Amino acid sequence: NAGVTQTPKFQVLKTGQSMTLQCAQDMNHEYMSWYRQDPGMGLRLIHYSVGAGITDQGEVPNGYNVSRSTTEDFPLRLLSAAPSQTSVYFCASRIAGVGYEQYFGPGTRLTVT
Amino acid sequence: GNSVTQMEGPVTLSEEAFLTINCTYTATGYPSLFWYVQYPGEGLQLLLKATKADDKGSNKGFEATYRKETTSFHLEKGSVQVSDSAVYFCALLSNFGNEKLTFGTGTRLTIIP
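Rules used throughout
Residues numbered from 1 in each chain as written. Chains lettered and ligands numbered in written order. Predicted model: local features only at pLDDT ≥ 70, side-chain atom pairs only at ≥ 80, totals over all residues. Heavy atoms only, no water. Helix = DSSP H or I, 4+ residues; strand = E, 2+ residues; numbered from the N terminus. Rg over C-alpha atoms; globule rule 2.2 N^0.38 Å. Buried < 20%, exposed > 50% of the residue type's maximum accessible area, 1.4 Å probe, protein only. Contact = heavy atoms within 4.5 Å. Areas by Shrake-Rupley, 256 points an atom, 1.4 Å probe, with all protein chains shown as cover. Lys, Arg positive; Asp, Glu negative; His and termini not counted. Charge placed at Lys NZ, Arg CZ, Asp CG, Glu CD. Salt bridge = Lys/Arg side-chain N within 4 Å of Asp/Glu carboxyl O. Pairing = 2+ DSSP bridges. Axes fitted to C-alpha atoms, helices over the stretch in contact; angles between N-to-C directions. Polar contact = N/O pair within 3.5 Å; in protein donor to acceptor, adjacent residues only side chain to side chain. Disulfide = S-S within 2.5 Å. Core = buried A, V, L, I, M, F, W, Y, C linked by side-chain atoms within 4.5 Å.

Draft legend 1. Structural detail: the overall build of chain B. Across its full length, chain B carries zero helices and 12 strands. Ordered by position from the N terminus, the helices and strands of chain B form the series β-β-β-β-β-β-β-β-β-β-β-β. Here the C-alpha atoms of chain B give a radius of gyration of 14 Å, agreeing with the 13 Å that 2.2 N^0.38 yields for 113 residues. When its C-alpha atoms are laid out on the principal axes, chain B stretches across 45 × 30 × 20 Å. In chain B, which comprises 113 residues, the share counted as buried stands at 45%. Counting only contacts in chain B whose residues sit at least 6 apart along the sequence, the fraction spanning at least 24 positions is 56%. Accessible area for chain B stands at about 5,300 Å²; split by element, carbon and sulfur atoms hold 49% of it. Separation of charge centres in chain B, based on 9 positive and 11 negative side chains, amounts to 6 Å.

Draft legend 2. A look at the pattern of salt bridges. Residue and element names in this part refer to chain A. Going through the model one piece at a time under the given rule, you end up with five salt bridges over all chains. When the shortest N-O distance is used, the salt bridge between Arg36 and Asp38 registers 2.9 Å. Relative accessible area serves as the criterion here: at 10%, Asp38 is assigned to the buried category. The network of salt bridges with shared partners includes Arg36, Asp38 and Arg44.

Draft legend 3. Representation of the sheet that holds strand S1 (residues 4–7) of chain A. Residue and element names in this part refer to chain A. The four strands are arranged S1-S3-S8-S7 in an open sheet whose pairing can be described as antiparallel. Sheet topology places S1 and strand S7 (64–66) at the edges, where each strand pairs with a single neighbour. The mean angle between the axes of side-by-side strands here comes to 20°, regardless of whether they run parallel or antiparallel. Both S1 and strand S3 (residues 19–25) contribute to a ladder of four bridges, which runs antiparallel. In the sheet register, Val4 faces S3, and the bridge partner there is Gln25.

Draft legend 4. Layout of the interface of chain B and chain A. Listed per partner, the contact involves 22 residues of chain B and 24 residues of chain A. Linking chain B with chain A are zero salt bridges, by the criterion used here. Taken together, the connections running from chain B to chain A amount to two residue pairs in polar contact (both at pLDDT 80 or more). Sorting the residues of the side of chain B that touches chain A by element identifies strand S5 (32–38), strand S6 (44–50), strand S10 (86–93) and strand S11 (101–103) of chain B as the ones contributing at least two each. Examining the composition of the side of chain B that touches chain A, we find that four residues originate from one element, S5(B), more than from any other.

Draft legend 5. The state of the cysteines, seen in detail. Evaluation of the coordinates by the stated rule reveals two disulfides over all chains. The disulfide partner of A:Cys23 is A:Cys91, and the S-S distance across this bridge is 1.8 Å. Its S-S torsion of approximately -70° makes the covalent link between A:Cys23 and A:Cys91 left-handed. Placement of A:Cys23 in strand S3 and of A:Cys91 in strand S9 (residues 87–94) is noted, with a sequence separation of 68 residues between them. Taking relative accessible area as the criterion, A:Cys23 reaches 1% and is therefore assigned buried. By relative accessible area, A:Cys91 is classed as buried at 0%. Paired by a disulfide, B:Cys23 and B:Cys90 hold their sulfur atoms 1.9 Å apart. The S-S bond linking B:Cys23 to B:Cys90 shows a torsion near -70°; that makes this disulfide left-handed. Of this pair, B:Cys23 sits in strand S4 (residues 23–26) while B:Cys90 is found in strand S10, placing the two residues 67 residues apart along the sequence.

Draft legend 6. Representation of the sheet that holds strand S3 (residues 19–21) of chain B in the model. All names here are of chain B. Overall, antiparallel pairing links the four strands, which are arranged S3-S9-S8-S7 in an open sheet. Whereas interior strands pair on both sides, the edge strands pair on one side only; in this sheet they are S3 and strand S7 (56–59). Direction aside, the axes of adjacent strands within the sheet are offset by 15° on average. Here four bridges tie S7 to strand S8 (residues 62–65), and the two strands are oriented antiparallel to one another.

Draft legend 7. Fine view of the nonpolar core. Formed by 26 residues in total, the largest nonpolar core has its most connected members in B:Trp35, B:Leu47, B:Leu48, B:Phe73, B:Leu75 and B:Tyr88. Residue assignment for this core shows that the elements contributing at least two residues are strand S2 (11–14), S3, S4, S5, S6, S8, S10 and strand S12 (107–112) of chain B. In terms of residue count, S10(B) provides more of this core than any other element does, four residues in total. Aside from chain neighbours lying at most four places away, what touches B:Leu48 is B:Leu33, B:Phe34, B:Trp35, B:Gly57, B:Ser58, B:Asn59, B:Phe62, B:Glu63, B:Ala64, B:Phe73 and B:Leu75. In terms of nonpolar packing, the next biggest core, distinct from the first, is built from 19 residues, A:Tyr31, A:Tyr48, B:Leu46 and B:Val87 among them.

Okay, here's the thing in structure tokens:
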């Protein structure tokens, strides 16, 4: 049981490049989400999904796309990277419903130059 | 909307000191409340939780009590250790709407021997 896995761990992009951050979980969790963590701002929700084929926007969705074709995978796509997207990105998953623990991946540190 | 306000950091304490990190919240309905901890270079992991008023969550010597009358969920530990040095996040999960987990901005705790 690997939990929530993310790849890559580190990435450097040039402005305008695109890339996909990968996230997978093996706990059969319905709910998956992506956050970005910036100094002094806590974690902000980018996108989330309540099941395969269903996604929705969080607080800061601009510049990011997601899809959920399987229960296990929830990739995050940066369409045209900007320096403002320099951040640490965390994927998380949990059982749907109030009170359930959210499990986090180890994070991807992204730098856009 | 929902929000979480937690004590500004950083907090520096000597080993064996008493710790309190304040957390207050604003939410509709009856949210579940969580404390997450992030050790250097890692993702977040659940420290403790409480799902209804007057519940006390506890783990690894940390405690927090869900106080609906003061909308608070303060984190306490009687005797901190160097290994407790980390960033602590208070969070809530509302039972209304889309089940988004809302985080505070985090409090960095450093324990000196």
